[in-house]
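Listed here are the chains, written in short residue letters.
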Amino acid sequence: MKYSSTVRLINLVLFALLGVGFGFLGIYFGILVSPSLWLQNLPFGMKVPDMSLALTVMLGATGLAGLIVCVIGFVKSILSFVRKDDEIVRQTFGCYISLGYLVAVFFLLNAVWLYRLTTTNLGFDDIGFAIVIFVILVIVAMIASSIPLVKMFGEGEGTNRVMGIIARTLVAVDVAIAIPFAGAFFTINGNREIVSHADIMATKFGVYALIPVVAALIGVIAMVGYARADKANTYRKGNGILFETALCFNGAAIIVAGILNQVYTDGPYALMATHVKSELSSNLSNEFSVCSYIVGGIVVLLALILVYFTIFPPKLKNANQA
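Anyway, here's the lowdown on the structure attached to this text. Position labels on residues start from 1 in each chain and follow its written sequence. The predicted nature of this model means local features are confined to residues of pLDDT at least 70 and side-chain atom pairs, given and counted, to a pLDDT of 80 or more, with totals for whole chains, interfaces and linings taken over all residues. Hydrogens are left out, water is left out, and the side-chain values use all remaining heavy atoms of the structure.

**Regarding the overall build of the protein**
Next up, step 1: The secondary structure listing takes helices from DSSP runs of H or I that are at least 4 residues long and strands from runs of E that are at least 2 residues long, numbered from the N terminus. In terms of helices and strands, the protein carries eight helices and two strands.
Next up, step 2: The order of helices and strands in the protein, counted from the N terminus, is α-α-α-α-α-α-β-α-α-β.
Next up, step 3: Just to be clear, the radius of gyration here is over C-alpha atoms, and the globule rule we use is 2.2 Å times residues to the power 0.38. Relative to its length of 322 residues, the protein is compact, with a C-alpha radius of gyration of 21 Å against a globular reference of 20 Å.
Next up, step 4: Overall, the C-alpha framework of the protein stretches about 60 × 45 × 40 Å when taken along its three principal axes.
Next up, step 5: The rule is simple: take the accessible area with a 1.4 Å probe, protein chains only, and divide by the maximum for that residue type; under 20% is buried, over 50% is exposed, in between is partly exposed. Out of the 322 residues in the protein, the part that is buried amounts to 46%.

Next up, the structure:
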């Protein structure tokens with residue numbers, strides 16, 4: 001047994017602490033605040049925060065995604081005591097890597113797409129400086145996550161495990177995004193008589209919730225497929241195509257956000273507005289839509305390129321294609 005009981009205990013404690021932190025962020029913003037903002041009557045007598053809906057959703061989704069990964073890591077940490085298997089410990093380490101990639105995604109989206117949420121919407125006008133900081137943090141998070149990933153699984157022989165970790169991160173993000181929007185959708189549908197523009201908001205939030213759910217379901221199938229392929233020591237193209245399809249849905253979701261923002265451009269129901277129920281200026285509205293088309297288009301294009309290399313892969317060492 002390579003990993004001692006001390007290592008296993010540290011993992012258990014760390015995932016418990018991280019889970020509490022991410023859980024507070026996710027439950028507060030993603031479950032309690034975001035779905036109820038339009039009612040201005042939050043649960044437990046909480047006050048409505050003076051921020052945009054998109055910012056509360058982003059914070060809530062980040063917390064919920066981290067909570068999902070931490071729960072998985074916590075369960076695996078417990079199993080590492082029960083089974084006394086080093087492989088379980090390595091899977092636990094994989095959850096740290098998932099968290100690293102999750103943080104990288106958070107910073108990346110803030111650098112190229114949602115930069116207004118943490119700048120203009122909070123009264124900070126030096127957008128260029130903020131974007132540079134976010135880019136630096138993306139690079140740091142990617143390096144901090146990728147180095148242990150390569151050391152643990154190698155550069156080619158652990159493809160299924162690596163892709164399983166990436167797929168798990170994608171699924172956690174999609175589920176975490178869907179929860180606040182689904183909560184808002186059901187809240188608005190249940191209170192149409194007191195919510196203005198209920199039809200428009202229900203349509204937008206329903207779409208914003210549905211696409212990530214579909215992507216998450218596809219990602220789960222891919223994740224399970226990678227795990228089975230790893231046990232069988234095979235490489236299956238179908239798993240890669242499923243993952244890339246889920247990635248394509250995420251790019252499409254970003255594009256759809258831009259389209260809906262442009263279609264419903266007038267009125268107090270813009271996600272990116274500085275405050276809930278406030279209107280978004282036409283310049284910022286157009287900027288968000290254009291950024292959505294560019295970023296979403298790049299993600300879709302990347303997914304299609306990956307599909308090509310999945311169907312026509314380079315020669316892999318020590319892997320049997322099935």
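**A closer look at the packing of aromatic side chains**
Next up, step 1: Side-chain rings of Phe, Tyr and Trp, where Trp is taken by its six-membered ring, are said to pair if the distance between their centres is within 6.5 Å; with planes under 30 degrees apart they count as stacked, over 60 as edge-to-face, and otherwise as tilted. What the rule picks out here adds up to 12 aromatic pairs.
Next up, step 2: Ring geometry for Phe 185 versus Phe 186: centroids 5.3 Å apart, planes at 75°, classification edge-to-face.
Next up, step 3: With relative accessibility at 60%, the residue Phe 186 sits in the exposed group.
Next up, step 4: Put simply, the rings of Phe 15, Phe 93 and Tyr 96 pair up and form one aromatic cluster.

**Some remarks on the packing of helix α1 (residues 5–33) against helix α2 (residues 53–83)**
Next up, step 1: Each axis is a line fitted through C-alpha atoms, and for a helix only the stretch in contact is used; angles between axes span 0 to 180 degrees, taken between their N-to-C directions. At a minimum axis distance of 6 Å, the contact between α1 and α2 shows a crossing angle of 155°. Considering their axes alone, α1 and α2 lie roughly antiparallel with respect to each other. Along this stretch, α1 crosses α2, giving a crossing that reads as left-handed.
Next up, step 2: For this classification, the nonpolar set comprises Ala, Val, Leu, Ile, Met, Phe, Trp, Tyr, Cys and Pro, the charged set comprises Asp, Glu, Lys and Arg, and every other residue, Gly included, is treated as polar. For the contact of α1 with α2, a count of residues per class yields 18 nonpolar, 14 polar and one charged. Angles are sorted into four bins: roughly parallel if under 35 degrees, roughly antiparallel if over 145, roughly perpendicular if 65 to 115, and oblique for all others. By convention the crossing between two helices is left-handed if the near helix lies anticlockwise of the far one by an angle smaller than a right angle, and right-handed if it lies clockwise.

**Looking at the side chain of Asp 86**
Next up, step 1: Within the element layout of this structure, Asp 86 appears in helix α3 (residues 86–112).
Next up, step 2: Judged by its relative accessible area of 15%, Asp 86 falls in the buried class.
Next up, step 3: At 3.1 Å, the side chain of Asp 86 forms a polar contact with the side chain of Arg 8. In the analysis that follows, any N or O atom pair within 3.5 Å is treated as a polar contact, provided that within protein one partner can donate a hydrogen and the other can accept it, and provided that, for residues neighboring in sequence, both atoms belong to side chains.

**Comments concerning the pattern of salt bridges**
Next up, step 1: Counted as salt bridges are all cases of a side-chain nitrogen of Lys or Arg within 4 Å of a carboxyl oxygen of Asp or Glu. Summed over all chains, the structure comprises six salt bridges.
Next up, step 2: Between Glu 87 and Arg 90 there is a salt bridge, with its nearest N and O atoms 3.2 Å apart. One end of the pair is Glu 87 and the other is Arg 90, both in helix α3 and three residues apart, which spans about a single turn.
Next up, step 3: When its relative accessible area of 19% is taken as the criterion, Glu 87 is described as buried.
Next up, step 4: The partly exposed category is assigned to Arg 90, whose relative accessible area is 25%.
Next up, step 5: Asp 230 is paired through a salt bridge with Arg 161; the nearest N and O atoms lie 3.1 Å apart. Remark: Arg 161 occurs in helix α5 (residues 159–189) and Asp 230 occurs in helix α6 (residues 198–232); sequence separation between them is 69 residues.
Next up, step 6: Judged by its relative accessible area of 28%, Asp 230 is partly exposed.
Next up, step 7: Here the residues in one salt-bridge network are Glu 87, Arg 90, Arg 161 and Asp 230, joined through shared partners.

**Observations regarding unusual backbone geometry**
Next up, step 1: Even without being a glycine, Asn 233 presents a positive backbone phi close to 55°.
Next up, step 2: Relative to the helices and strands, Asn 233 resides in the loop between α6 and β1 (234–235).
Next up, step 3: The class for Asn 233 is partly exposed, based on a relative accessible area of 48%.

**Focus on α2**
Next up, step 1: By definition here, a helix of n residues has an expected span of 1.5 Å times n minus one. The terminal C-alpha atoms of α2, which comprises 31 residues, lie 44 Å apart, in line with the 45 Å expected from a rise of 1.5 Å per residue.
Next up, step 2: Backbone geometry just downstream of α2 places Lys 84 in the positive-phi region, at approximately 55°.

**Observations concerning α1**
Two residues of an α-helix separated by three or four positions point the same way, owing to the 3.6 residues in each turn.
Next up, step 1: Under the 1.5 Å per step criterion, the end-to-end length of α1 is 40 Å for 29 residues, consistent within 8% with the ideal 42 Å.
Next up, step 2: For α1, the principal kink sits at Ile 27 and spans about 30°.
Next up, step 3: Arg 8, Asn 11, Phe 15, Gly 19, Phe 22, Gly 23, Gly 26, Phe 29, Gly 30, Leu 32 and Val 33 are the residues of α1 that are buried.
Next up, step 4: Residues count as neighbours in contact if any of their non-hydrogen atoms are within 4.5 Å of one another. Those residues of α1 hidden inside the fold are in contact with α2, α3 and α5. Axes are fitted to the seven residues ending at a residue and to the seven starting at it; the angle between these axes is taken as the bend at that residue.

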